[in-house]
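So you can see what is in the structure, the chains are spelled out below.
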Amino acid sequence: MTPASPKLAAVLSPNREGIEKAAQALRAGELVAMPTETVYGLAGAGLEASALSKIFAAKERPTFDPLILHVSWPTPKDSASGVTDPLTELERRDLIHLEGWSDHSREKAQKLLLEFWPGPLTLVLPKHPRVPDLATSGLPQVALRMPRHPVARALIEAAGMPLAAPSANRFGRISPTRAEHVQSELGERIGWILDGGPSEVGVESTVIRMGAQGEAQLLRPGGIAAADIERVLGHPLLAPPSMPVAGPSGSPGAQLAPGLLESHYAPRKPFFLLPSPLTALPENLSLLPPFQPLFQQIREHGARVGFLSSSPEGNAHSSLFSLRFGRDAVAAETLSPAGDAQTAAQRLFSLLRWLDESTATVLVAEPWTREIHSGLGHAIQDRLKRASARNQITL
Ligand code: TXA
Ligand code: MG
């Protein structure tokens, strides 16, 4: 007898009925995958420890990796009567507690919120005691974001509470940018997926920590370019802390941004990140010591290579690929046919997933080299590096 196939999540349409059903489930303490403009999130009641535990369990996420609370209310961008003082709104809702903050520091946080909410900015601020420790992994600060996706906003408002929502993937795996991705990651473990179409941005929010002295630190590059944030602040951001490879090893970086492990967003197959685009690599690759682990994998896995190109003429590159690797790729795609970072970000996770599901047994990617310093390219290259954490080739 074959075992019955496991029950998958019900997919809800993003209409009033679907949103109300999802909101009801959330109010009852259940989990719902929701669309956002960055990636799909696995949402649960943000102030209920029991719902938070379910999120960690469904994702198999270690509890040292804190969650983002998602909020929504009408903003001045939505209507003339929108909330003009989002910082006070967060205080009024007992989510943050800014003890000892000068007017100057408050103003800076306020400026960022007014400029970038709703949107892919997550701000880490001192938490109100009402926020459960499980949401923040015991840290004194809480991460907050108002997404821009209309379905996410409608859901948060219908649920009537902040929603904790990490990306809706199993821990360490590729983030989902479509409802089908969530179904294959978590469909057997959750009841509902609210389908809001493909995510428009494609990489997660930019995470910024702000302190009482007005200091602002980039914790995770993401959907909003650091340069745009710096322009609004009027000064540079502090650099991200350096990250542990696995687990909260007690490094200062681990304590500041516990979830930002070096290995993340990873395909199941061995995934190698090249040190430069193919055009800039020497011809005799297989003879170079840094490439030995890659060529060894290629030999061991029967030479079925999948290739993710960063170059606009990615297909033309396949002949270059054959030259450098001595074989054709069995699956090859380029991140952005037009070469722009926006399209590349949008396509990144679904192409990684596609390669992971292809007949390739080893994956190779070119690095992303455009808009890299403080633009969206920074987030793309950051994700490629973390996805290949144990297999980065450096010359
Ligand atoms: O775009 C996004 O941010 C998506 C969508 C669903 O909103 N969410 C997302 O959540 O990427 P997640 O859980 O995959 O990543 C959240 C990261 C954590 O891993 C951690 O690095 C940082 O945000 N974070 C959360 N709370 C924090 C805190 N209290 N202090 C420092 N970093 C925090
Ligand atoms: Mg994630």
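Keep in mind that what you see is a predicted model, and the values were worked out from it rather than measured. Here the residue numbering is sequential within each chain, running from 1 through the sequence in written order. Here every chain gets a letter starting at A, and every ligand a number starting at 1, in the order they are written. It should be noted that, the model being predicted, local features are given only for residues of pLDDT at least 70 and side-chain atom pairs only at 80 or more, the latter also being counted only at that level, while totals for whole chains, interfaces and linings use all residues. By convention in this description, side-chain values take in all heavy atoms of the structure and omit both hydrogens and water.

1. With respect to the sheet that holds strand β13 (residues 331-334)
Taken together, four strands build an open sheet; the order of strands is β11-β14-β12-β13 and the sheet is parallel. Strands at the two margins of the open sheet, each flanked by one partner only, are β11 (271-273) and β13. Adjacent strand axes in the sheet meet at a mean angle of 15 degrees when their direction is disregarded. Whether two strands pair depends on DSSP finding at least two bridges between them. The numbering of helices and of strands both runs from the N terminus, where a helix is a DSSP run of H or I of at least 4 residues and a strand a run of E of at least 2. Bridge count for strand β12 (residues 305-309) against β13 is four bridges, and the pairing is parallel. Bridged to Gly306 within β13 is Ala331. What makes two residues a contact is simply this: any of their non-hydrogen atoms within 4.5 Å. Axes, fitted as lines to C-alpha atoms, cover a helix only where it is in contact. Angles between the N-to-C directions of the axes lie from 0 to 180 degrees. Against the sheet, helix α12 (residues 341-357) makes contact with β11, β12, β13 and β14 (362-365), and its axis sits at roughly 175 degrees relative to β13, the strand it touches most. Its contacts with the sheet place helix α13 (residues 376-387) against β11, β12 and β14, and it is angled at close to 130 degrees to β11.

2. Examining the side chain of Glu366
Turning to its location among the elements, Glu366 is positioned in the loop between β14 and α13. Here the term buried applies to any residue with accessible area under 20% of the maximum for its type, exposed to any over 50%, and partly exposed to those in between, with areas from a 1.4 Å probe on protein chains only. Only four residue types enter the tally: Lys and Arg on the positive side, Asp and Glu on the negative side; His and the chain ends are excluded. Between Lys or Arg on one side and Asp or Glu on the other, a salt bridge is scored when a side-chain nitrogen of the former is within 4 Å of a carboxyl oxygen of the latter. At 7.7 Å, Arg370 is the nearest oppositely charged side chain to Glu366, a buried residue that forms no salt bridge. There is a polar contact of 2.8 Å between the side chain of Glu366 and the backbone nitrogen of Ser310. Polar contacts, as used here, are pairs of N or O atoms within 3.5 Å; protein pairs need one atom able to donate a hydrogen and one able to accept it. Residues neighboring in sequence count only if both atoms are side-chain atoms.

3. Observations regarding the confidence of the model for the chain
The share of residues in the chain with pLDDT of 70 or more is 94%, and the mean pLDDT across the chain is 92. Per-residue confidence from the prediction method is given by pLDDT, with values spanning 0 to 100. Note that residues 245-254 has pLDDT below 50 and, in this model, 17 contacts with residues that lie over four places away or in other chains.

4. As for empty space enclosed by the protein
Only protein atoms enter the 1 Å grid used here, on which a cavity is any set of points holding a 1.4 Å probe that cannot leave and a pocket is any open set flanked by protein within 12 Å on both sides along at least five of seven lines; residues with an atom within 4 Å of a point are listed as lining. Grid points are joined across faces, edges and corners, and a volume is the space filled by probe spheres set on the points. Under the counting rule described, the total for this entry stands at two cavities of 30 Å³ or more. Surrounding the second largest cavity, Leu218, Pro221, Gly222, Ile224, Ala225, Ala226, Ser374, Gly375, His378 and Ala379 form its lining. For this classification, Asp, Glu, Lys and Arg are treated as charged, while Ala, Val, Leu, Ile, Met, Phe, Trp, Tyr, Cys and Pro are nonpolar and the rest, including Gly, are polar. When the residues that make up the lining of the second largest cavity are grouped by side-chain class, the tally is six nonpolar, four polar and no charged.

5. Concerning the site of ligand 1
Lining the immediate surroundings of ligand 1 are 24 residues, of which Thr38, Asp65, His70, Gln141 and Ser205 lie closest. One of the side-chain N or O atoms of His70 is found 2.6 Å from an oxygen atom in ligand 1. Only the protein chains shown count as covering a residue, and every accessible area follows the Shrake-Rupley method with a 1.4 Å probe. Taking 670 Å² as the accessible area of ligand 1 by itself, protein coverage stands at 98%. Elements represented by at least two residues in the shell around ligand 1 include exactly β4 (68-70), β6 (141-145) and β10 (216-220). Of the residues forming the shell around ligand 1, the biggest block, three residues, is contributed by β6. Residue composition of the shell around ligand 1, grouped by class: twelve nonpolar, seven polar and five charged. Residues are counted as near a molecule or strand when any one of their heavy atoms sits within 4 Å of it.

6. Focus on the layout of surface pockets
Its boundaries defined by the atoms lining it, the largest pocket holds a volume of some 330 Å³. As for the largest pocket, its lining consists of 13 residues, of which Pro221, His378, Asp382, Lys385 and Arg386 are closest to the centre. Here the residues of the lining of the largest pocket sort into six nonpolar, three polar and four charged.

7. Topic: the pairing of β10
Buried residues dominate β10, accounting for five of its five residues. Note that strand β9 (residues 206-210) and β10 share four bridges and pair antiparallel. Across the sheet, the residue bridging to Val207 is Arg220, located in β10. Hairpin geometry of β9 and β10 is characterised by an intervening segment of five residues between the two adjacent antiparallel strands and by a positive phi of about 85 degrees at Gly214.

8. Describing the side chain of His181
In this structure, His181 sits in helix α7 (residues 179-186). Each residue touching His181, except ones within four places of it in the same chain, is listed here: Pro176, Ser350 and Arg353.

9. Some words on the sheet that holds strand β1 (residues 10-12)
Spatially, the ten strands line up as an open sheet ordered β1-β8-β2-β3-β7-β4-β6-β5-β9-β10, and their pairing is mixed. Both outer strands of the open sheet, β1 and β10, are each paired with one neighbouring strand and no more. Judged from the three bridges that link them, strand β2 (residues 32-34) and strand β3 (residues 41-45) form a sheet pairing that is antiparallel. Each residue of the ladder has a partner; that of Val32, found in β3, is Ala43. Helix-sheet contacts for helix α8 (residues 226-233) involve β5 (121-126), β9 and β10, and the interaxial angle to β9 is about 35 degrees.

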